[in-house]
Amino acid sequence: MYKKCSRCGSGMELVLRNVVYRGRVKIMNVPVHVCENDACSHSQVVDVIKADLKKLMEEWGQHPQRQSINFEDVSELSHLMVLIAKEKEDATVREALQERVNELLDLFLLARSLGDQKWMHELRQRLTKIMV
Ligand SMILES: [Zn+2]
């Protein structure tokens, strides 16, 4: 998940942001990379969720109704990040957990790109267990 800023080359931090689409649709908890350099503070939507986001935008079309949606309901990554954010354990545990989740997420994306439903199901269960 580590990413370098395309503008200044600094590291980027993974955070959850609320994004407004066409001034009408408020999308809560969208994973976004934000540049750690305050002078730059360039931000961009995380690559792996672009497909999910694009699908939603296609459903809404050019003139969406005023609404507010929770991105964690459609995006696995957002869902996990929201859960992690709610965790009350100390930073070390959280970091270790996030690292493991990132690993599983990478595998999940691989499974999805291969269209391997059985593997996806298995990984989903493993991810769920970690988060309990
Ligand atoms: Zn930057």
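Just so it is clear, the model here is predicted, and its values are computed rather than measured. What you see as residue numbers is a count from 1 along each chain, following the sequence as written. Only residues with pLDDT of at least 70 get local features here, since the model is predicted, and only at 80 or more are side-chain atom pairs given and counted; chain-wide, interface and lining totals rely on the full set of residues. Side-chain numbers come from the whole structure's heavy atoms, not from hydrogens or water.

A. Layout of the overall build of the protein. Of regular secondary structure, the protein possesses 4 helices and 5 strands. Ordered by position from N to C terminus, the α and β elements of the protein give β-β-β-β-α-β-α-α-α. Along the first, second and third principal axes, the C-alpha set of the protein runs to 40 × 35 × 30 Å. Out of the 132 residues in the protein, the part that is buried amounts to 35%. Residue pairs in contact within the protein that sit at least 24 positions apart in sequence constitute 51% of those at least 6 positions apart. Reported accessibility uses the Shrake-Rupley method at a 1.4 Å probe radius. Residues are deemed covered only where the shown protein chains occlude them. Here the protein has roughly 8,600 Å² of accessible surface; of this, 48% comes from carbon and sulfur atoms. Once the 20 positive and 19 negative side-chain charges of the protein are each reduced to a mean point, those two points are 7 Å apart. The numbering of helices and of strands both runs from the N terminus, where a helix is a DSSP run of H or I of at least 4 residues and a strand a run of E of at least 2. Think of it in three bands: with a 1.4 Å probe and only protein chains considered, a residue is buried below 20% of the maximum accessible area for its type, exposed above 50%, and partly exposed in between. Throughout, a residue-residue contact means that at least one pair of heavy atoms, one from each residue, lies within 4.5 Å. His residues and chain termini do not enter the charge count, which takes Lys and Arg as positive and Asp and Glu as negative. Every charge is mapped to an atom, namely NZ of Lys, CZ of Arg, CG of Asp or CD of Glu.

B. Fine view of the nonpolar core. The criterion is simple. A nonpolar core is a set of buried Ala, Val, Leu, Ile, Met, Phe, Trp, Tyr and Cys residues joined through side-chain atoms within 4.5 Å. Within the largest apolar cluster, 24 residues are counted, with the highest numbers of intra-cluster contacts made by Ile27, Val30, Ile49, Trp60, Phe71 and Leu77. The set of elements that each furnish at least two residues to this core consists of β3 (25–35), α1 (50–60), α2 (76–86), α3 (91–114) and α4 (117–131). Residues within four places of Ile49 in sequence aside, it is in contact with Val30, Pro31, Phe71, Ser75 and Leu77.

C. Molecular detail of the coordination of the zinc ion. Counted as donors are the N, O and S atoms within 2.8 Å of the metal, or 3.2 Å for Na, K and Ca, while water is not among the atoms, so some sites may look incomplete. Listed as protein donors to the zinc ion are Cys5 (SG), Cys8 (SG), Cys35 (SG) and Cys40 (SG); their distances from the metal cover 2.3 to 2.4 Å. Sequence spacing of the donors to the zinc ion: C-x2-C-x26-C-x4-C.

D. Local environment of α1. Within α1, the full set of buried residues consists of Asp52, Leu53, Leu56 and Trp60. The arc that holds every buried residue of α1, seen down its axis, measures 95 degrees, which confines them to one face. Residues Lys54, Lys55 and Glu58 are exposed on α1 and point more than 90 degrees away from its buried face. Of the residues one or two after α1, Gly61 is the one with positive phi, at around 75 degrees. Note that the arc is defined by the directions from the helix axis to the C-beta atoms.

E. Structural detail: the domain arrangement of the protein. Taken domain by domain, the protein consists of domain 1 (1–73) and domain 2 (87–132). Where each domain starts and ends comes from a domain assignment, either automatic or drawn from a database. In this structure, domain 1 and domain 2 have C-alpha centres spaced 21 Å apart. Interface area for domain 1 against domain 2, summed over the two sides, is near 300 Å², with a carbon-plus-sulfur share of 58%. Basic side-chain nitrogens of Lys or Arg form a salt bridge, by our definition, when they fall within 4 Å of a carboxyl oxygen of Asp or Glu. At the junction of domain 1 and domain 2, the tally comes to 0 salt bridges. We define buried area as the total accessible area lost by two parts upon association, computed with a 1.4 Å probe and summed across both.

F. Just a nonpolar patch on the surface, in detail. A surface patch of nonpolar side chains, about 270 Å² in accessible area, is lined by Leu107, Leu110 and Leu114. With respect to the helices and strands, Leu114 occurs in helix α3. Like charges are joined within 9 Å and nonpolar side chains (Val, Leu, Ile, Met, Phe, Trp, Tyr) within 5 Å, but only among residues with over 30% relative accessible area and no salt bridge; these make up the patches.

G. Region of interest: the environment of Leu14. The residue Leu14 is located in strand β2 (residues 11–21) in this model. Here Leu14 falls in the partly exposed class, since its relative accessible area comes to 22%. For the pair formed by Leu14 and Met81, sequence separation is 67 residues and the distance between their alpha carbons is 9.4 Å.

H. Looking closely at the pattern of salt bridges. Within this structure, the stated rule accounts for 6 salt bridges. The closest approach of N and O atoms between Asp47 and Lys50, which form a salt bridge, is 3.0 Å. You can call Lys50 partly exposed: its relative accessible area is 42%. In this structure, Arg100 and Glu103 form a salt bridge, with 2.7 Å as the shortest nitrogen-oxygen distance. Taken together, the positions of Arg100 and Glu103, both in helix α3 and 3 residues apart, correspond to about one turn of that helix. What makes Arg100 partly exposed here is its relative accessible area of 32%. Overlapping salt bridges, with partners in common, bring together Lys3, Asp47 and Lys50 in one network.

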